[in-house]
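What follows is each chain in one-letter form.
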Amino acid sequence: MARSSDDTSARPSRSGEQRLEELVGQMGLVDHHCHGIVRGPLDRAGFESLLCEADAPGRLHGTLFDTQVGLAVRRLCGPVLDLPPHAPADDYLARRAALGSDEVARRLLRGAGISEFLVDTGFRPDGLTSPDELAACAGASAREIVRLETVAERVIATHETGDFVEACRDRLAAAAATAIGFKSIAAYRVGLDLAPDRPPTNQVAAAAARWAAGIERGAPIRLSDETLIRFLIWTAVDLGRPIQFHTGFGDADADLGRCDPLLLAPLLRATAGLGVPIMLLHTYPFHRNAGCLAQVFDHVFVDVGLAVQNVGSRAGQVVAELLELAPFGSVLFSSDGYGLPELFHVSAMLFRRALSGFLAAGVEGDAWSERDAERIAYLIAAENARRVYGLDDGGAGRGSLA
Amino acid sequence: MARSSDDTSARPSRSGEQRLEELVGQMGLVDHHCHGIVRGPLDRAGFESLLCEADAPGRLHGTLFDTQVGLAVRRLCGPVLDLPPHAPADDYLARRAALGSDEVARRLLRGAGISEFLVDTGFRPDGLTSPDELAACAGASAREIVRLETVAERVIATHETGDFVEACRDRLAAAAATAIGFKSIAAYRVGLDLAPDRPPTNQVAAAAARWAAGIERGAPIRLSDETLIRFLIWTAVDLGRPIQFHTGFGDADADLGRCDPLLLAPLLRATAGLGVPIMLLHTYPFHRNAGCLAQVFDHVFVDVGLAVQNVGSRAGQVVAELLELAPFGSVLFSSDGYGLPELFHVSAMLFRRALSGFLAAGVEGDAWSERDAERIAYLIAAENARRVYGLDDGGAGRGSLA
Amino acid sequence: MARSSDDTSARPSRSGEQRLEELVGQMGLVDHHCHGIVRGPLDRAGFESLLCEADAPGRLHGTLFDTQVGLAVRRLCGPVLDLPPHAPADDYLARRAALGSDEVARRLLRGAGISEFLVDTGFRPDGLTSPDELAACAGASAREIVRLETVAERVIATHETGDFVEACRDRLAAAAATAIGFKSIAAYRVGLDLAPDRPPTNQVAAAAARWAAGIERGAPIRLSDETLIRFLIWTAVDLGRPIQFHTGFGDADADLGRCDPLLLAPLLRATAGLGVPIMLLHTYPFHRNAGCLAQVFDHVFVDVGLAVQNVGSRAGQVVAELLELAPFGSVLFSSDGYGLPELFHVSAMLFRRALSGFLAAGVEGDAWSERDAERIAYLIAAENARRVYGLDDGGAGRGSLA
């Protein structure tokens with residue numbers, strides 16, 4: 001930041017940086033996108049299969065502990081389990097087994113300092129803790145995010161194809177009474193280049209009939225029809241709740257080239273005036289693209305959830321890139337924790353460090369004041385999420401600042 | 001940069017870095033792409049609506065001052081208006097109103113240290129200063145950049161459809177007599193994946209007739225026909241002046257996915273031997289892509305104009321990324337200032353800091369000598385633009401080094 | 001990296017960083033993708049035409065020494081030829097001529113510290129050293145990488161069109177007996193959005209017949225048929241050797257938009273279970289995309305070969321970005337040296353500095369231990385390549401860890 005000749009501001013003291021780190025370290029985070037955790041013991045293969053987006057460790061790359069996230073778990077979670085930092089993976093897993101998974105989860109989740117979890121319950125819920133169980137374990141509160149495609153798959157599974165459209169509408173309306181928002185995994189199923197218009201009901205019914213017929217003939221119950229997915233999204237729009245979209249990096253099931261949030265631009269334009277927040281999750285490696293969208297669309301919110309845990313020591317760089325274009329009022333925290341309590345802990349710790357590092361660098365470079373830095377930290381850590389999901393008024397609001 | 005055992009170079013002294021910062025701080029910049037400014041007072045909503053690419057502050061994100069560019073204005077422009085750095089937005093706007101917009105513009109533009117403005121006059125010129133007015137206010141000189149699509153829209157508006165082709169050719173030839181270059185906003189209208197060939201005249205005439213017929217039926221006068229846009233581009237190529245293309249980030253009107261400069265590759269290949277410089281403006285978040293194009297095409301020039309003001313404290317990182325692949329002889333400065341004199345000031349200040357920071361880091365890391373750093377600074381700050389636009393010979397040249 | 005309250009680890013001493021730099025500086029690198037060098041003298045134009053991906057210096061940008069790679073050559077190679085660092089380009093070329101190209105090559109290649117070269121012999125081999133010549137000059141060993149498209153072009157040139165399919169199979173099988181792997185330049189010829197399935201033999205034969213007929217009519221012998229390229233890839237898959245793909249940045253011959261490794265996702269999914277490693281070369285500016293692929297596909301390996309030499313002082317940043325998502329067991333070194341021994345030297349020096357800088361920053365930030373850093377350095381510098389190409393067992397293995 002260039003300094004003008006009449007610059008009279010003092011350089012921030014070292015203790016100013018420390019104050020900022022402490023402040024962000026103590027903030028209760030709102031984790032606006034996560035999943036439940038696995039209860040019970042895990043062997044090394046089971047643990048590694050949940051550690052990152054690879055299905056399982058393979059014979060060519062070697063152990064998945066040799067990743068940024070693997071090193072971050074050893075560094076950040078080991079001490080919470082009474083190990084020295086960087087203890088070897090086998091030591092870590094042995095200590096984990098000795099403590100028991102409940103105690104491990106309790107320590108790691110509580111140490112994460114997350115005050116509120118918004119939990120996507122649509123992916124393999126049977127093996128995972130419910131939102132209430134997660135909240136109890138963490139000593140926090142939790143709200144549910146309902147996955148649109150899962151609702152439709154439950155409808156079709158119960159053979160309600162005659163009134164598929166009505167059944168979906170009813171179930172989503174019922175969900176909206178308690179859930180805090182919706183989520184779509186269109187990225188995984190058909191890609192994000194969705195047509196922007198609301199599909200006519202007769203087209204939806206026809207697509208549902210084709211889907212049902214396929215299932216009759218033995219196809220798995222897996223929604224991958226673009227018309228039906230758009231129908232679900234527009235039904236959710238009508239209900240006024242924030243809608244999350246998976247974008248960016250995910251597992252091998254998704255074609256990453258179809259997950260660029262820029263593909264959503266037509267839908268974002270179509271929904272711009274409706275007051276329904278659209279949440280672009282993860283976004284990496286397209287997080288700068290997402291930042292551009294967040295600047296030009298007031299209803300677009302962004303995070304780098306899954307990326308933070310995965311990029312480990314590089315989280316500061318990735319968060320800073322998101323914060324180039326995205327307005328500070330549009331950025332959220334999510335852990336994208338799934339399965340392992342370690343991932344919540346690592347995400348929260350790395351995000352705090354990344355955020356306070358970004359803000360402290362700006363103070364150090366005199367780009368902004370310490371006071372502004374503190375205010376922005378609160379926005380990103382919790383206030384943006386509280387406002388846009390209406391957390392303080394029970395989720396009834398639509399996040400208006402008014 | 002690795003050091004060999006026979007390395008006898010001394011580390012640069014701290015004063016070497018300061019010298020470089022001072023040197024770049026005092027260089028007169030050539031701003032090869034900007035617009036006019038708004039005269040007259042602006043209220044907070046009006047000011048925010050010009051601050052970044054969002055149309056206006058919205059009810060979900062909150063104030064647009066909570067952006068990198070908003071913080072940069074408070075930091076960098078406040079002191080020019082006699083305020084302390086980081087003064088609150090309302091204080092800034094009050095002081096701005098008290099000084100009056102002419103005095104504000106005079107201070108901010110003169111403080112930017114821009115010696116020459118190349119002004120795109122094709123976007124909402126009625127509400128903005130002319131190039132001469134801008135130059136007078138800044139104590140600098142200015143040349144005009146003629147927007148191709150605007151010329152065609154004026155031709156069609158005057159019902160010259162019978163000889164649309166000839167009328168466009170005549171007007172562009174007349175423009176080339178005084179203007180220093182052309183600009184296309186194909187990115188906004190049809191995207192950058194333009195067919196590379198020159199369209200036949202009969203196809204152009206037919207497309208113009210269709211366009212005119214649409215306007216007769218009440219369509220707005222807005223050129224969005226790919227054939228016509230290619231015709232304009234090739235007409236400009238024939239006139240030998242540099243042609244600017246909007247690429248990358250812009251307002252919500254553009255689909256960013258269609259603004260990747262890589263989409264221009266076929267047209268760049270088709271124009272590679274013709275000696276007509278092609279200027280890729282803005283390029284963020286595709287600036288590394290643009291750098292690749294600038295390395296392999298000698299007639300391609302690049303900047304990160306609009307991005308620098310928008311990314312604020314991150315300008316150093318973005319400029320450094322552009323300078324990975326782009327030859328130093330291919331990189332230009334532009335402010336993309338529009339409406340607010342603050343944007344010129346912020347762009348110039350941030351760009352200087354980014355450029356001198358990049359060059360000083362290379363000297364500090366012994367990647368290049370201080371002498372090379374100074375030479376490269378002059379190239380990027382002004383000499384590349386002077387050469388390629390032929391500024392020193394009245395714009396008559398085509399930028400040859402020969 | 002966040003520190004827990006029970007963190008008892010000491011900060012690494014400055015000498016720890018130096019140890020890491022020295023360790024990486026002394027490691028013998030496996031260069032898993034390079035070409036031969038030009039023997040004989042080069043004038044300035046000839047030298048510049050080999051310096052980066054521009055065909056030759058042009059009249060608009062000026063000398064190609066004004067690039068990151070040009071400055072890196074002057075900095076890093078000058079001292080090897082007894083010049084001071086940063087000596088001017090003309091001095092460098094004069095000293096180069098005085099020493100003679102053999103002595104220059106000997107010094108620069110030996111100074112690079114590469115112990116093993118995997119040499120792509122398929123591009124203009126007549127003007128370049130053979131793998132054995134390169135190895136002798138460098139005091140190292142070399143193995144051959146056979147370029148698939150070149151094999152097919154040789155088959156078609158010898159009019160074996162009647163049994164094109166069998167002839168290709170035979171030649172590739174023969175090649176596999178001595179070569180260490182294959183390479184495809186599909187990116188240059190048809191782009192990377194290849195259909196994932198193996199083409200039926202009759203379709204391959206028909207495509208070959210069309211190609212032969214075109215050559216009969218005077219077309220150049222240049223394979224650019226997607227069916228034939230897929231046939232070659234699947235034939236190579238059957239042979240079980242690692243297959244390299246050009247991805248990302250290259251010369252003006254390629255459309256960079258078609259070189260994004262994400263386009264390969266369907267083929268990667270189709271080959272995921274087969275145990276054949278797929279090597280994504282260069283990858284810049286899509287290296288983060290490549291890192292995502294390397295995490296979710298165990299058989300995918302990645303480098304930033306060509307980029308490292310080209311980005312010069314920015315190599316540390318680019319390597320660090322690759323190492324965000326790519327497992328440490330999936331990352332390789334390549335110089336992509338071609339023509340000039342300088343490019344091998346610069347690549348090796350910059351890569352060492354980038355790798356040790358990345359690892360030392362992690363130690364400094366307490367993201368990992370020095371011991372982990374050393375282990376990861378060995379993996380990336382050589383062990384991953386030795387394992388996956390089976391270098392220690394004569395190339396017979398397929399890189400299994402088992």
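As shown above, the structure is provided for reference.
Everything numeric in this text was worked out from a predicted model, so none of it was measured.

**As for the interface of chain A and chain C**
One widely used convention gives an interface's size as the accessible area the parts lose upon coming together.
Piece 1. Taken together, the contact pairs 42 residues of chain A with 49 residues of chain C.
Piece 2. With both sides pooled, the region where chain A packs onto chain C buries about 3900 Å², and carbon together with sulfur makes up 54% of that total.
Piece 3. The largest per-residue losses of area from chain A upon contact with chain C belong to Arg59, Leu60 and His61 of chain A, which jointly make up 21% of the total buried on that side.
Piece 4. Our count for the chain A to chain C interface comes out at six salt bridges.
Piece 5. Salt-bridge contacts for Arg288 of chain C lead to Glu321 of chain A; the nearest nitrogen and oxygen are separated by 2.7 Å.
Piece 6. Seen at the junction of chain A and chain C, the total is 20 residue pairs in polar contact (both at pLDDT 80 or more).
Piece 7. Of all the secondary structure elements, the ones that give two or more residues to the side of chain A that touches chain C are helix H3 (68-77), helix H14 (305-311), helix H15 (315-325) and helix H16 (341-364) of chain A.
Piece 8. At five residues, the largest contribution of residues to the side of chain A that touches chain C is made by H3 of chain A.
Piece 9. For the side of chain A that touches chain C, the per-class residue count stands at 19 nonpolar, twelve polar and eleven charged.

**A short note on the environment of Ala87 of chain C**
Piece 1. Position of Ala87 of chain C relative to the elements: it lies in the loop between helix H3 (68-77) and helix H4 (89-99).
Piece 2. Classification of Ala87 of chain C by relative accessible area gives buried; the value is 6%.

**Comments concerning the sheet that holds strand S5 (residues 243-247) of chain C**
All names here are of chain C.
Piece 1. Spatial ordering of the open sheet is given by S1-S2-S3-S4-S5-S6-S7, a layout of seven strands whose pairing is parallel. Single-partner strands in this sheet number two, and they are strand S1 (29-34) and strand S7 (300-302). Strand-to-strand twist across the sheet, computed as the mean angle between neighbouring axes with direction ignored, equals 25°.
Piece 2. Helix H6 (residues 131-138) contacts S1, strand S2 (114-120) and strand S3 (141-147) of the sheet and is inclined by roughly 160° relative to S2.

**What about the nonpolar core?**
Piece 1. The biggest cluster of nonpolar side chains holds 423 residues, and the ones touching the most others in it are Phe117 and Phe164 of chain A, Phe164 of chain B together with Phe164 of chain C.
Piece 2. Once you skip the residues sitting within four places of it in the chain, Phe164 of chain C turns out to touch Ala152, Val155, Ile156, Ala208, Trp211, Leu228 and Phe231 of chain C.

**Here we look at the packing of aromatic side chains**
Piece 1. Scanning the entire structure with this criterion turns up 27 aromatic pairs over all chains.
Piece 2. Ring centres 5.8 Å apart and planes at 70° place the aromatic pair Phe117 of chain C and Phe344 of chain C in the edge-to-face group. With Phe117 of chain C in strand S2 and Phe344 of chain C in helix H16 (residues 341-364), the pair connects residues that are 227 residues apart, well separated along the chain. Each member of the pair, Phe117 of chain C as well as Phe344 of chain C, carries the same accessibility label: buried.
Piece 3. Pairwise contacts between aromatic rings join Phe47, Phe65 and Tyr92 of chain A into one cluster.

Definitions and cut-offs
- Residues numbered from 1 in each chain as written.
- Chains lettered and ligands numbered in written order.
- Predicted model: local features only at pLDDT ≥ 70, side-chain atom pairs only at ≥ 80, totals over all residues.
- Heavy atoms only, no water.
- Contact = heavy atoms within 4.5 Å.
- Buried area = accessible area lost by both parts, 1.4 Å probe.
- Salt bridge = Lys/Arg side-chain N within 4 Å of Asp/Glu carboxyl O.
- Polar contact = N/O pair within 3.5 Å; in protein donor to acceptor, adjacent residues only side chain to side chain.
- Helix = DSSP H or I, 4+ residues; strand = E, 2+ residues; numbered from the N terminus.
- Nonpolar A, V, L, I, M, F, W, Y, C, P; charged D, E, K, R; others polar.
- Buried < 20%, exposed > 50% of the residue type's maximum accessible area, 1.4 Å probe, protein only.
- Pairing = 2+ DSSP bridges.
- Axes fitted to C-alpha atoms, helices over the stretch in contact; angles between N-to-C directions.
- Core = buried A, V, L, I, M, F, W, Y, C linked by side-chain atoms within 4.5 Å.
- Phe/Tyr/Trp six-rings, centres within 6.5 Å; stacked < 30°, edge-to-face > 60°.

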